[in-house]
Amino acid sequence: MAITINGSTNTISGLSVGGLPNGIVDADMIATDAITAPKISTKGTILNYEQVESDTNTDLGSATGDGTWTTAPAPFNAITITTKKAGSDFKIVLYTSFYQDNADLDFGVTASYKIGSGSYTRLGHVGSTYDTGLFTGYFNPSGVALDYVWPVTIDYIHTPSSYSVGDVLTYKFEYWTNKDDCHWNGVRDGRCYARIEEVNV
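What counts, and where the lines are drawn
Per-chain numbering applies: the sequence of each chain, read as written, is numbered from 1 onward. A pLDDT threshold of at least 70 governs which residues receive local features in this predicted model, and a stricter bar of 80 or more applies before side-chain atom pairs are shown or counted, although totals over entire chains, interfaces and linings include all residues. Hydrogens and waters are ignored; side-chain quantities use all the structure's heavy atoms. Only buried residues count toward a nonpolar core, which is a set of Ala, Val, Leu, Ile, Met, Phe, Trp, Tyr and Cys residues joined through side-chain atoms within 4.5 Å. We call a residue buried when its accessible area falls under 20% of the maximum for its residue type, exposed when it is over 50%, and partly exposed in between, using a 1.4 Å probe and counting protein chains only. Comment: elements are numbered from the N terminus, with helices defined as DSSP H or I runs of at least four residues and strands as E runs of at least two. Note on definitions: a residue-residue contact is assigned when non-hydrogen atoms from the two residues lie within 4.5 Å. The salt bridge criterion pairs a side-chain nitrogen of Lys or Arg with a carboxyl oxygen of Asp or Glu, the two atoms within 4 Å. Only Phe, Tyr and Trp rings are paired, with Trp represented by its six-membered ring, and only when their centres lie within 6.5 Å; those with planes under 30 degrees apart are stacked, over 60 edge-to-face, the remainder tilted. In this analysis the charged atom, NZ for Lys or CZ for Arg, is taken to sit over a ring once it is within 6 Å of the ring centre and within 35 degrees of the ring normal.

A. Up close: the nonpolar core. Formed by 31 residues in total, the largest nonpolar core has its most connected members in Phe76, Leu94, Val109, Tyr171, Phe173 and Trp184. Where this core is concerned, the elements lending two or more residues are β6 (79-82), β7 (89-100), β8 (105-115), β10 (135-139), β11 (148-158), β12 (168-177) and β14 (192-199). With 5 residues, the single largest contributor to this core is β8. Excluding its chain neighbours within four sequence positions, the residues that come into contact with Phe76 are Val52, Ser54, Leu94, Lys172, Phe173, Trp184, Cys192, Tyr193 and Ala194.

Structure (structure tokens):
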């Protein structure tokens, strides 16, 4: 097909794929937002992210019991992200502290997610006993009551079930503990944060 330049519509037709010489397209020639997430092919590229932060030290009150999950305090109870591309993975990041001032502590922290208005699905090792979740901790200094702070870190790649571009995924963090008066982000107030990243695969 011959190349045709139409002066009335200011268009060029007839160019084949790869028909332009290498190196002639620069950043100024690419329209703003012309390269969308579905056109990005580099594995591991962050397509989108949402991050929440808090300085609040939250007393979690009574023990939940081993493997009995309770939703974490706000803003870690609902982090929403609108998908940019089908088939992405989602990186779940959490950093907080978990404080308790008694011996023989068992606890766990994990995340659950849902697509749209669907039901939540819990991630990690799922079960009804103490050794469940994406993070588990244990502290028992020979029965002596001591203050102890666990640095809780989660860095997990999640592949959700099928969804459509533009669907909203909601993630929430959950915990369980066998002791009363544990603290989320305590006992000294610090900056805890969580982030959900949509990652190209």
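B. Here's a closer look at the pattern of salt bridges. Taken as a whole, this structure holds 6 salt bridges when the rule is applied. A salt bridge links Asp55 to Arg191; its shortest N-O distance comes to 2.6 Å. On the criterion of sequence distance, the pair formed by Asp55 in the loop between β3 (46-54) and β4 (58-59) and Arg191 in the loop between β13 (183-184) and β14 is long-range, its members being 136 residues apart. Note that Glu174 is salt-bridged to Arg122, the shortest N-O span being 3.0 Å. Placement of Glu174 in strand β12 and of Arg122 in strand β9 (residues 121-122) is noted, with a sequence separation of 52 residues between them. On the basis of relative accessible area, Glu174 is assigned to the buried category, the value being 3%. Connected through salt bridges with shared partners, the residues Glu53, Asp55 and Arg191 form a single ionic network.

C. Structural detail: the packing of aromatic side chains. For the structure shown, the criterion picks out 12 aromatic pairs. Considering the side-chain rings of Tyr148 and Trp150, the 5.5 Å spacing of their centres and the 65° angle between planes classify their relative orientation as edge-to-face. A residue is classified by how much of its surface remains accessible, and Trp150, at 18% relative accessible area, is buried. Site record: aromatic cluster; members linked through ring pairs are Phe98, Phe107, Phe135, Phe139, Tyr148 and Trp150. Here the guanidinium or amino end of Lys172 rests over the ring plane of Tyr120, the centre of that ring lying 4.2 Å away.

D. The arrangement of the side chain of Lys172 in detail. Turning to its location among the elements, Lys172 is positioned in strand β12. Among all residues touching Lys172, those that are not within four sequence positions of it are Thr71, Phe76, Asn77, Ala78, Thr110, Ala111, Ser112 and Tyr120.

E. Seen up close, the environment of Gly18. Locating Gly18 in the fold gives a position in the loop between β2 (11-13) and β3. Once the C-alpha coordinates of Gly18 and Val52 are considered, the two residues, 34 residues apart in sequence, prove to be 43 Å apart.

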